[in-house]
Amino acid sequence: MNNIAIIGAGTTGTAVAQQLSLNTNNNVSLFVQTKTQSNQINEENKNKEYFQNFRLNKEINSEHNFELLNNYEIIILTIPSRQFDDYKKVFSDIIDKDSLIINMSRGLLKDGMTIHDYFTYELKFENFVSLKGPSINVEVIRNAPTLLTLSYKNRSDIIKVKEVFKETVFYFDFTTDNNGVEYLCALNNIYAVYMGNIDGKFNSSNTTYFILTQCFKEIKILLKYLKCDTKTANLGCGIGNLCLNSLSDLSRNRTLGLIVEKGFYNAEDTTNNVVLEDIKTLNLLNKIIEPKLVKNLPILDTLFEFFIFKTSKKLNVDFSLLLKNKFKTVLTYGTFDLLHYGHLEILKRAKDYGDKLIVGLSTDEFNEVKGKTCKFNYKKRKRYLESLDFVDLVIPENDWDQKAEDVIEHNIDYFVMGDDWKDKFNSLEEHCEVIYLPRTKGVSTSQLKQLLHG
């Protein structure tokens, strides 16, 4: 038997328990906070607070003594992320570290940490997977076929999850991008609020899919900025979940957007769980996303202005702003000898500011002028850079004074350099915006050359 504990008996936990109980190899227990709720599930086979008239399978057991969790080999999380602090002791002291953790909770933890990182790096659990996708719990409990994205690290965990979910309505697509799945879930929710607001304003299919396309673009940019795989956005947890949350009348996030548009939103209402979760997510994103990037994401910027800064009384939409100067070009310079992780990080972050990244690469002749010796010649270094999918064009850097000419010739919007050059290129601000990015700590070309020389 698969001994499965589900922490949280809200709509998600209850619907998942109902499905898992259809597999006769599963022993399913719903862990709840009160003895009253536990007794109701065990004696009446009902969870009246969430599914008033639905009778659960009698095989589902309920417990309110969390000390018993150490007896379960599979733990499924369905509690809201904002409640995780209440379960710290349960997670760290009671659950067996060899247990398989299946995360179906949504949202981010404090400081923008994902639930995956919390369990993997802070609590040192080896076996952790996430299951997120386009799912409405009232439809799950009524046996509607449902797609979920399963993110994993260990292949053995896939086998176990498929065994546990056999005979249920759940189907899976897969990724190893654990944090991508976690972030997408949070991002989709807040963009769905904006989509609900748009439908409340215009009631137009043309406009709905116009804005939905722009939402998807912004989400992919954010995913890349958060160092996740943008291809994860193409899975159920990405485009599938975004569409469901944005377009289904059963979506609570979409409903919040409709309420905002109709003027019924109350910023002081601390009892609305959807409002609390979305504002928490926006606050966390406001802390971890660079302001200059946010200004290039007009939908996210609008959400910040309304919910966080309260500088706007409505969720505004400026269609010209959504596409105005959308195509932006970024320019950076460097030698890029012994291409390493630090180079990749700064190049990827530079590309996040625009749609096209041009790299000015120091020629062999210019390196002689600078007194630099390279392991690889210009031709090879150029080929390395051109092989990177986030580098669009490589041009030669022949001297110190060409930068202004390059900025003008290539219609540059952002000139980006490492912060060890801070204030050295401020003269270019009359032509474009100048940005200095922090270097990646712990790695440098000079250190690598020292190691090679032994």
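Let me begin by describing the structure that accompanies this report. What you see is a predicted model, and the numbers here were worked out from it, not measured in a lab. (Residues numbered from 1 in each chain as written. Predicted model: local features only at pLDDT ≥ 70, side-chain atom pairs only at ≥ 80, totals over all residues. Heavy atoms only, no water.)

Notes on the overall build of the chain
- Across its full length, the chain holds 19 helices and 13 strands.
- Reported as C-alpha extents along the three principal axes, the dimensions of the chain are approximately 85 × 60 × 35 Å.
- By the burial criterion, 54% of the 454 residues in the chain qualify as buried.
- Considering only intrachain contacts with a sequence separation of at least 6, the fraction spanning at least 24 residues in the chain is 70%. (Helix = DSSP H or I, 4+ residues; strand = E, 2+ residues; numbered from the N terminus. Buried < 20%, exposed > 50% of the residue type's maximum accessible area, 1.4 Å probe, protein only. Contact = heavy atoms within 4.5 Å.)

Side note on the sheet that holds strand β4 (residues 74-77)
- Read across the sheet, eight strands follow the order β3-β2-β1-β4-β5-β6-β7-β8 without closing on themselves; strand pairing throughout is mixed. The two strands at the open ends of the sheet, each matched to only one other strand, are β3 (61-63) and β8 (170-175). Strand-to-strand, the axes of this sheet are offset by a mean angle of 25°, without reference to chain direction.
- Where strand β1 (residues 2-7) lies against β4, four bridges are found, and the strand directions are parallel. Residue pairing for β4: A5 is matched across the bridge by I75.
- In this fold helix α4 (residues 115-122) packs onto β4, β5 (100-103) and β6 (128-132), with an angle of close to 170° to the strand it touches most, β6. (Pairing = 2+ DSSP bridges. Axes fitted to C-alpha atoms, helices over the stretch in contact; angles between N-to-C directions.)

Re the layout of surface pockets
- In this structure, the largest pocket encloses a volume near 1,200 Å³.
- Taken together, 46 residues line the largest pocket, and the ones lying closest to its centre are T11, T12, P80, N137 and R252.
- Broken down by element, the residue count for the lining of the largest pocket peaks at four residues, all from helix α11 (residues 273-288).
- Tallied by class, the residues present in the lining of the largest pocket amount to 19 nonpolar, 20 polar and seven charged. (1 Å grid on protein atoms, 1.4 Å probe; cavity = no way out; pocket = protein on both sides within 12 Å on 5 of 7 lines; lining within 4 Å. Points joined across faces, edges and corners; volume = space filled by probe spheres on them. Nonpolar A, V, L, I, M, F, W, Y, C, P; charged D, E, K, R; others polar.)

As for unusual backbone geometry
- A positive phi angle is found at F336, which is not glycine, with a value near 50°.
- In this fold, F336 is placed in the loop between β9 (329-334) and α15 (341-351).
- Positive phi, normally seen in glycine, also occurs at D423, with a value near 75°.
- Along the chain, the position of D423 falls in the loop between β12 (414-418) and β13 (433-437).

Looking at a negative patch on the surface
- Side chains of D399, D401, E405 and E409 sit close together on the surface and give a patch of like negative charge.
- Following the sequence through the fold, D399 ends up in the loop between β11 (393-397) and α18 (403-409).
- Assessed through its relative accessible area of 34%, D399 is described here as partly exposed. (Patch = residues over 30% accessible without salt bridge, like charges linked within 9 Å, V, L, I, M, F, W, Y side chains within 5 Å. Areas by Shrake-Rupley, 256 points an atom, 1.4 Å probe, with all protein chains shown as cover. Salt bridge = Lys/Arg side-chain N within 4 Å of Asp/Glu carboxyl O. Lys, Arg positive; Asp, Glu negative; His and termini not counted. Charge placed at Lys NZ, Arg CZ, Asp CG, Glu CD.)

Let's talk about a nonpolar patch on the surface
- Together, V369, W400 and W421 make up an exposed nonpolar region whose accessible area comes to about 320 Å².
- Structurally, the position occupied by V369 is in helix α16 (residues 364-370).
- On the accessibility criterion, V369 (64% relative accessible area) is exposed.

Focus on the state of the cysteines
- The tally for this structure, following the rule as stated, stands at zero disulfides.
- Sulfur of C228: no disulfide; nearest cysteine sulfur belongs to C237 and is 10 Å away. (Disulfide = S-S within 2.5 Å.)

A short note on the nonpolar core
- Formed by 47 residues in total, the largest nonpolar core has its most connected members in Y191, L300 and F307.
- Among the secondary structure elements, those contributing two or more residues to this core are α7 (178-202), α8 (205-225), α9 (236-247), α10 (252-261), α11, α12 (291-294) and α13 (298-308).
- The leading source of residues in this core is α7, at eleven residues.
- With residues near it in sequence (within four places) discarded, L300 still touches I190, Y191, E218, L222, L282, L285 and V294. (Core = buried A, V, L, I, M, F, W, Y, C linked by side-chain atoms within 4.5 Å.)

Focus on the sheet that holds β12
- Spatial ordering of the open sheet is given by β11-β10-β9-β12-β13, a layout of five strands whose pairing is parallel. Looking along the sheet, the strands with just one partner apiece sit at the ends: β11 and β13. Between one strand axis and the next, the sheet turns through 25° on average, direction left out of account.
- In the sheet, β9 pairs with β12 via two bridges, with the strands oriented parallel. Bridge pairing in β12 links V330 to Y414.
- Across the sheet, α15 lies against β9, β10 (356-362), β12 and β13, angled at about 140° from β10, the strand it touches most.
- Running at roughly 165° to β10, helix α17 (residues 378-386) makes contact with β10 and β11 of the sheet.

Overview of the pairing of β6
- Of all five residues in β6, five are buried; the element is thus mostly enclosed.
- Here β5 pairs with β6 via three bridges, running parallel. Considered in β6, the bridge of I101 is made with F128.
- One crossover worth recording links β5 to the parallel β6 by way of α4, and it is right-handed.
- Here β6 pairs with strand β7 (residues 146-151) via three bridges, running antiparallel. Within β7, the position partnered with K132 by the bridge is T149. (Right-handed = clockwise from strand over helix to strand, strands pointing away.)

Here we look at the packing of aromatic side chains
- For the structure on display, the rule yields 26 aromatic pairs.
- Over the face of the ring belonging to Y333 we find K403, whose NZ or CZ atom lies 4.6 Å from the ring centre. (Phe/Tyr/Trp six-rings, centres within 6.5 Å; stacked < 30°, edge-to-face > 60°. Lys NZ or Arg CZ within 6 Å of the ring centre and 35° of its normal.)

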